[in-house]
Amino acid sequence: MAIEINGTATEAAPRPGQCLRTFLREQGNFGVKKGCDGGDCGACTVHVDGTPVHSCIYPAVRAEGHSVTTIEGLSSGGELHPVQQQFVENQGFQCGFCTAGMMMTAATFDDEQKANLPRSLKGNLCRCTGYRSIADAVCGSHTHAPDAGAAAQSGAAVSSGPEVKNTGQLGDDVPAPAGRAVVTGTARYTLDVPAEQLPGLLHLKLLRSPHAHARIVSIDTTAALRVPGVVAVFTHEDAPARLFSTAQHELYTDDPDDTRVLDSVMRFIGQRVAAVVAESVGAAEAGARAIKVEYQLLDAVFSPREALRPGAPAIHGEKNAQTARISRPQNNVVAEVHSELGNVEAGFAAASFIHENTYQTQRVQHVAMETHCSIAWLEPSGKPGEERLVVRSSSQVPFLARRTLARVFDLPEDRIRVVAGRVGGGFGGKQEVLTEDLVAMAALKLRRPVQVEFTRNEQFTATTTRHPFTIKVKAGTTRDGHLTALQLDVVTNTGAYGNHAPGVMFHGCGESLAVYKCANKKVDAQAVYTNTVPAGAFRGYGLSQMIFAIESAVDELAVGIGMDPLEFRLKNMVRPGDDMLSTNPEPEEDVFYGSYGLDQCVALVRDALERGAQRYRDAGLDHLGPEWATGVGSALSMIDTVPPRGHFAHTRLRLLPDGTFDAAVGTAEFGNGTTTVHAQLAATALSTTASKVAVRQSDTDLVEHDTGAFGSAGTVVAGQATLLAAQELALRIRSVAAAFAVVPAADCVLEDGAVRCGPRVLALAEVYDAAQQQGVELAAEGRWGGTPRSVAFNVHGFRVAVNTGTGELRILQSVQAADAGVVVNPRQCRGQVEGGIAQALGVALYEEVRVNDAGRVTTDILRQYHIPSFADVPRSEVYFAKTNDQMGPLGAKSMSESPFNPVAPALANAIRNATGARFAELPIARDKIYLALKDAAAPTQLVRI
Amino acid sequence: MNTIESVVATTDPGQWRDGDAWLAGGTVLFSYGSPVGSEEPLKRLLDLGQAGWQSVTVSDSGVELAATCTVAELYALPVSDAVAGRNWPGLDVFRPCCDSFVASFKVWNMSTVGGNVCTSLPAGPMISLCAGLDATATILGRHGSSRTVPVAEFVTGDGKNSLAPGELLRSIQLPASALSARVAFRRLSLSNLGRSGVLLIGRLDADGSLVLTVTAATKRPVQLRFAAAQVLDAGQLAAAVERSIPPELYHDDIHGLPEWRRDMTVRLAEEIRMELLDPAGHGGPFTVSGDFWPPHATSQQPSTQPAFRDTAKQKEA
């Protein structure tokens, strides 16, 4: 019995044991996404005879004789289904990887289900949006300003209400160009490549280490090679000897060279032992199972405390400190900083109140909906007889990945092309080379296309996490609320490899400290190896961990002297003219107050919280019952708008014969919305609309170089390059038009689609022809090096209620004010803020990658690692400060990582205000809240200092 | 699942051999797949999909659920014609139990009552329901034999049960006596609509005896029974919980610390005692604590809920 897919009976029959998702994708239905393999995320939702099911846990054989509808079949005859239309109109997506499943689910809703989205959408996870735009899309309603009074405040409340103009330039809610492709399931992510384009595609699976620390004595691959379908097995004997770092930075020397493609020493459970390449995933898995490995077990350490103990096994002890750039390999210390500005002893002596506490942040995972994956193949390079390697990868950094592959495999860069399709979320996790080296090695050797796709389990156990930080804080204040000293002792756990260990440690100790004026600051920080899953880049890049500690401590200081915490912050936070200092007595030479909106952000949050309190009072809800305690809390954060030590971007922009524009940019699109921003920046400079600027990106063939989409650089660095190219092109267009119309260039003005030359109006298509006749190509390039840099700010406030009898926490109000400079696209920027809040709430309340006593990750599926679902995320009020940055393109600043940073401490401070209990460890789960309050209430605990 | 060589449609335990697994809805089997690290990969699926078992059979003796009854079918039962006219207050806990799944309504279309019971996780809500209503499981053996066991005893630990290799759960009988009882339901989770950390079902039987069934908090179901004549105050109830559940029986995983689970078990047990035994509680509405029931109808997102007033009223009531 055939399976009918979108109205057409398919000839193919599923394999026994195959799930419906892989079967549908094999038939070319790439709109069906793999998010979790486990029925948890809903990205693979399809209809079987009209009933929505998760196709990843649906036995494909059960679909025989039934009719399956995928996202490709939801619309008919080019007409979008109403749900698709609503997702486009409300932009109910960012990366778009969850969107098809979201819509296939929502398309089945009746009114009752729409009225209860927390329940109806609990089987659909989104990591980007924070669900607000999804709610609007499902219900087909635009959101209005959160509060009628809010718009009258100094900063404008974000609104996508009916009065929005849509001229397609700076400041407009220009829709994402990929909208239609995303909602129809036709946007092509990394592995959405039709089989006919990659004949002979092979699949790679990894055998991973069962031991936390071991040396491989021998590997026997004979049985694996006998498995039908297995083509090759790669071990450390086949891998390049070159050490590198999976972390990707403009300067590769920023990270230690401590990693091999395949190593003979295992340093964490889950490390690559061998790679099996086969005709099918199943054969590759069978091959991996058949490999016999003999290990010599080594002593392992799982915490920085153990790793720093004298005599602890040195995880990278055989490496040379200088050449590998490891601070002290014998002591497991990758990087360290020790600094003192002023004299903290004297500062504490002058304090009338001192707070001391140890704060601990946990391992968390990015959970981008698209797992790490890549495909490599060889193609003619263009030179006779020469081939080059092509890698299609889910990457935030295609150009840096190319550099790394060139270095590891000793190839010239022009023999490698790295390209990213649409990327299904990143959050820092894809600022690494975690799969590209494997498929490159296999494709170079086998001369066939090779693909690897990580499972969700592999994401949790063997990719990267946020760095756990242990932060000892000692902070002092005078009675009138002036900080006298700040002392920090920081230990970060980088896991088995040092990718991003130095950068995260240094960055963490940067802006978190620099935002406060304090003459005496002391920092001792170390990044430490342990035999656990490696930590890497994660949204916030160290700042979120440090800000959790410092903003909690600042709150305690304020409470300690009886001052309102926001008042305390206003007294101590930097103002324009103040040096921004952390671990160096001199300020960073290229960081300036390009604009300053921190004071506005504090005021916006304070006012919004007061309005919220009034709302509850007016509604008679200020007392919630005998067991409910309520409180408010807030936190602030600062971030440099560009990463240090160079961040480069290049844009090529040209006029096309039809009068529209083509922009080639390097930076990647993974839901951050930079494509729209680039189109808007170019459109503004070219006096046209964003829809007339087509942006192509993430391909090393397109432009010279781009450092990549990390450090919130998509707008302020890459966008600057695009703006410069557009401004240059505008000049050239006017000059060609002036020559053609024989008027001074000064009299030529660009208008939408045309140039007004005095009385005459030339269509851009005519200008294009004129340029052809003049022998001129109307194209321009823009380059930007990421310096000078500015600072951006975020302030978050919460009102919470805590049930002291159960530990249940309810968020009554969530407010964030952001200083993003001139907001290029308010709807998108709001989405970035909302998404950052949601991700941070997960980290603050639930998420934790747990590692057991043997070093094994135990939270290896989404059911054990709860990321916020629709029901968990409150609707936040989002406000923007009104500033205009001198450094950023058209006054804009970065706003992608930073909304995440102040959320966890603001929540901890609100809980402290409600209950009197200080939570110094994340996550602050309900069970821990309950137990802490119970302890605090116990008589023995009443004697507190 | 890449190790499966064949799918065999059968309901005969005699066909079972090593490397086989019974396939009901498939939602658990397929979600764990066949990871490379697994020792003994599965080779065949014995497919119950064509068993043709009547999902729900209602009679004067109670409700019989086939193992292959889907959660969606179970959710529909309390408002279906099949039970129309039955005075079975026990039906009130069916839907809260379904909503205790962390899995969504879409998964309910495939996942089965039997599958959830046989997976035997502490938070398995079908275990909560069946144990709470003193249900009995009928199990088919490999040589044509058949045995019955109370569901509360069927599950023996976290992911453990009394099935021998090849044995097949055929059906579950929910007795009319339990369905006729007044019931109470309490549940707490670490996240909104999240996995159950503590789930208690209380039942006041016709003879006046009180049955408390603890699941999710404990590694396996625990039942406390109090005779009608027994005077039961809050202190005695708490002491009985302490006696019945040793500390090591509380489940310890990311969904709740054992100490929290213990205190919440005592707390929810007392709430149930008050609801079912306190004279003031008689005739009151069927209430469910926690954040998820009855479904919020007014807003998409919880922080904008004006639901506190309702909650407060419920507490007063």
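Residues numbered from 1 in each chain as written. Chains lettered and ligands numbered in written order. Predicted model: local features only at pLDDT ≥ 70, side-chain atom pairs only at ≥ 80, totals over all residues.

**Student:** Please clarify how the overall build of chain B should be interpreted in this entry.
**Tutor:** In terms of regular secondary structure, chain B is built from 11 helices and 14 strands. Within chain B, buried positions represent 51% of all 317 residues. Pairs at least 24 residues apart make up 66% of the contacts formed inside chain B by residues separated by at least 6 positions. (Helix = DSSP H or I, 4+ residues; strand = E, 2+ residues; numbered from the N terminus. Buried ≥ 20, exposed ≤ 12 C-beta atoms within 10 Å, placed from the backbone. Contact = placed C-beta atoms within 7 Å.)

**Student:** Could you clarify how one ought to interpret the pairing of strand β20 (residues 483-495) of chain A in this entry?
**Tutor:** Put simply, side chains in a regular strand alternate between the two faces of the sheet. Residues and elements named next belong to chain A. For β20, a buried count of 12 out of 13 residues is recorded, marking the element as mostly surrounded by other parts of the structure. Relative to β20, strand β19 (residues 469-477) runs antiparallel, the two being bridged by nine bridges. In the strand pairing of β20, Phe469 is matched with Thr492. A loop of five residues connects β19 with β20, the two strands running antiparallel in sequence, and Gly481 in this loop sits at a positive phi of about 90°. Judged from the nine bridges that link them, β20 and strand β21 (residues 521-529) form a sheet pairing that is parallel. Its bridge partner being in β21, Val491 is matched across the sheet by Gln526. (Pairing = 2+ DSSP bridges.)

**Student:** Just to check I follow, could you spell out unusual backbone geometry for this structure?
**Tutor:** With the exception of glycine, most residues fall at negative phi, and the peptide bonds are largely trans. Residue and element names in this part refer to chain A. For the bond from Thr787 to Pro788, the omega torsion is 5°, close enough to zero to count as cis. Here Pro788 lies in the loop between β29 (779-784) and β30 (791-803). At the junction of Leu922 and Pro923, the peptide bond is cis and its omega measures out at -5° in the coordinates. As for its position among the elements, Pro923 is in the loop between α26 (903-915) and α27 (926-937).

**Student:** What exactly am I supposed to notice about the sheet that holds strand β5 (residues 67-69) of chain A here?
**Tutor:** The strands that make up a sheet are held in pairs by hydrogen bonds between backbone atoms, and each pair lies either parallel or antiparallel. Residue and element names in this part refer to chain A. Within the open sheet, the five strands sit side by side as β2-β1-β5-β3-β4. Their pairing is mixed. Each edge of the open sheet carries a strand with a single partner, namely β2 (8-9) and β4 (51-54). Where strand β3 (residues 45-48) lies against β4, four bridges are found, and the strand directions are antiparallel. Across the sheet, residue Val48 finds its bridge partner in β4, namely Thr51. Packed on one face of the sheet, helix α3 (residues 99-106) meets β3 and β4 and runs near 40° to β3. (Axes fitted to C-alpha atoms, helices over the stretch in contact; angles between N-to-C directions.)

**Student:** Is there a simple way to think about the interface of chain B and chain A in this case?
**Tutor:** Often, the extent of an interface is quoted as the loss of accessible area upon association of its parts. With 54 residues of chain B at the interface, the matching set in chain A holds 66 residues. Only β1 (6-9), α1 (29-32), α4 (105-108), α10 (258-277) and α11 (308-316) of chain B provide two or more residues apiece to the side of chain B that touches chain A. The biggest single contributor to the side of chain B that touches chain A is α11 of chain B, with five residues. Among the residues forming the side of chain B that touches chain A, the class breakdown is 25 nonpolar, 21 polar and eight charged. (Nonpolar A, V, L, I, M, F, W, Y, C, P; charged D, E, K, R; others polar.)

**Student:** Would you take a moment to explain the confidence of the model for chain B for this structure?
**Tutor:** As a general rule, the predicted coordinates of low-pLDDT regions are not to be interpreted in detail. All names here are of chain B. Scored by pLDDT, chain B has a mean of 88; 86% of the residues are at 70 or more. The low-confidence segment residues 289-317, where pLDDT is below 50, has 59 contacts with residues more than four positions distant or belonging to other chains. The ipTM, which scores confidence in the relative placement of chains, is 0.93 for this predicted complex, and the corresponding pTM is 0.94. (pLDDT = per-residue confidence, 0-100.)

**Student:** Is there a simple way to explain the sheet that holds strand β26 (residues 748-751) of chain A in this structure?
**Tutor:** Residue and element names in this part refer to chain A. Spatially, the three strands line up as an open sheet ordered β26-β27-β28, and their pairing is antiparallel. Both outer strands of the open sheet, β26 and β28 (760-763), are each paired with one neighbouring strand and no more. Taken pair by pair, the neighbouring strands of this sheet meet at an average axis angle of 25°, ignoring direction. Strand direction decides the pairing type here: β26 and strand β27 (residues 754-757), joined by four bridges, are antiparallel. In the sheet register, Cys748 faces β27, and the bridge partner there is Cys757. Across the sheet, helix α24 (residues 764-774) touches β27 and β28, and the angle it forms with β28 is around 75°.

**Student:** What am I meant to see in the packing of helix α9 (residues 234-244) of chain B against α10 of chain B here?
**Tutor:** Residues and elements named next belong to chain B. Where α9 meets α10, the closest approach of the two axes is 10 Å, and the angle between their N-to-C directions is 135°. In terms of orientation, α9 lies oblique with respect to α10. Crossing handedness for the pair α9 and α10: right-handed. Residues Ala234, Leu237, Ala238 and Val241 of α9 lie in contact with α10, whose contacting residues are Thr265, Val266, Ala269, Glu270 and Arg273. (Parallel < 35°, antiparallel > 145°, perpendicular 65-115°, else oblique. Left-handed = near helix turned anticlockwise from the far one by under 90°.)

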